[in-house]
Amino acid sequence: MGPAPTIHDPMMPSPTFLIFLTVFIDLIGFGIVLPLLPSYAAAFHVSDTAIGILVASFSLMQFLLAHWWGRLSDRVGRRPVLLVGLTGSALSYLLFALAGNFWVLLLSRMVAGGMGATINVAQAYLADVTAPERRARAMGLIGAAFGLGFVVGPAIGGVSSGLGNAAPGLVASGLTMVNLILTWRWLPESRPAVPAEGPAPVPVHWTRFLLAFSAVAFSTLAFTVLYVVFPLQVERVLGFDRHHSAYLFVLIGVVSAAIQGGLIGRLVPRFGERLLMASGGALMALGLALLPAAFAAPGRLGLLLAALVIVAAGSAMVGPSAAAYVSRVAPSDEQGRALGLLQSVGAVARIAGPVTAGLVAGHAGAGVAFLVASGAAGAASLSAVFGREA
């Protein structure tokens, strides 16, 4: 891979900016592909349940490997793990572009999930270079990169899908390769490698992070209904095509980026991570509960947009607050492992969520699926209110 640039090189941009740029470009590729998955899978004449499994496969692989990638980054450094993850992501998007049947499409998502080490390792990177009192803002920057990726990514996906089914995947793969080159060339290492010899430190027990884990699990479970049921409802009820459906995800990204990039760093020091997790879950519950009414008649587009804004705002409050909480509680030499566990918790929810949403929508209707998701978001809020501090 070549020697890593020194983190003290005055000729380089700041590490915080570089890691933000790395995550942002990576999430553009993710945002290109994700909104198109249900429609692409439906073209292979599979069931709603199969579509749920397709979406969940990404998170299954993250659940299996995210904490391992995080622990590895604690020992060998963040930079090499990020480079491996970006290489795998580029390959996964190429498979997506070339998928001629449902099974290749499924394989592309499994590769993407298995190699998708970027987020939690990037969070650990920022924890390495950021003082504890400023970590909520740093975690908010990761969330803002995610949100902006969902602004730019779905827009590119919507436009490029008009050039053929392979075009979005090829664009995502190309962007990720550019990201890989930029990361290899410019991103410095944030921590020295830890020798493998000697006794391993006793890890902090996962129950110290339970409050944040519960909030992330339930809120993520709730949000996944937007990946599976929502795009199909937009097409079936409102008559939107892929191009126009993608722009609804742009709205979600704009709201998320505004809150996580601008507000979360100010709100957490004032109100604390716990209150923001509780408030975010409550907002998500409200927004998701409005969706059945928004789809009840084609003319209620305004209510639909309002519901999406509320859901996006709530979700944007939960994620960075939970990551800041975990980063604050975890020792400095366990940031990668602890944040990897947090990502694994979210991955479990993203496994169960799409499958559950697909099953509920298939048997009881989309409206019931949205209400079940609303209940899960309410549980996220309650877990933050009544959970015990570490």
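Everything below is about the structure shown above.
This report concerns the structure included in the present document. (Residues numbered from 1 in each chain as written. Predicted model: local features only at pLDDT ≥ 70, side-chain atom pairs only at ≥ 80, totals over all residues. Heavy atoms only, no water.)

Attention shifts here to the nonpolar core. One finds Val225, Leu226, Val229, Phe230, Leu288 and Leu291 to be the most contacted residues of the largest nonpolar core, which totals 107 residues. It is helix α13 (residues 301–329) that contributes the most residues to this core, 15 residues altogether. (Core = buried A, V, L, I, M, F, W, Y, C linked by side-chain atoms within 4.5 Å. Buried < 20%, exposed > 50% of the residue type's maximum accessible area, 1.4 Å probe, protein only. Helix = DSSP H or I, 4+ residues; strand = E, 2+ residues; numbered from the N terminus.)

Glancing now at a nonpolar patch on the surface. Judged by side-chain polarity, Leu60, Phe63, Leu64 and Val348 come together as a nonpolar surface patch covering roughly 320 Å² of accessible area. Examining the composition of the nonpolar patch, we find that three residues originate from one element, helix α3 (residues 48–76), more than from any other. Mapped onto the elements, Leu64 comes out in helix α3. (Patch = residues over 30% accessible without salt bridge, like charges linked within 9 Å, V, L, I, M, F, W, Y side chains within 5 Å. Areas by Shrake-Rupley, 256 points an atom, 1.4 Å probe, with all protein chains shown as cover. Salt bridge = Lys/Arg side-chain N within 4 Å of Asp/Glu carboxyl O.)

Here we come to the packing of helix α7 (residues 135–160) against helix α8 (residues 167–186). To describe two helices that pack against each other, one gives the angle between their axes and the distance between the axes. Their axes nearest at 8 Å, the elements α7 and α8 cross at an angle of 140°. As far as their axial angle goes, α8 and α7 are oblique. Of the two elements, α7 crosses α8, and the hand of that crossing is right-handed. Facing Ile156, Gly157 and Ser160 of α7, the residues of α8 in contact are Ala167, Pro168, Val171 and Leu175. Split by residue class, the contact of α7 with α8 holds five nonpolar, two polar and no charged. (Axes fitted to C-alpha atoms, helices over the stretch in contact; angles between N-to-C directions. Parallel < 35°, antiparallel > 145°, perpendicular 65-115°, else oblique. Left-handed = near helix turned anticlockwise from the far one by under 90°. Contact = heavy atoms within 4.5 Å. Nonpolar A, V, L, I, M, F, W, Y, C, P; charged D, E, K, R; others polar.)

With 26 residues, α7 should cover 38 Å at 1.5 Å per step; its first-to-last C-alpha distance of 37 Å lies within 8% of that length. Most of α7 sits inside the fold, with 20 of its 26 residues counted as buried. (Expected span 1.5 Å × (residues − 1).)

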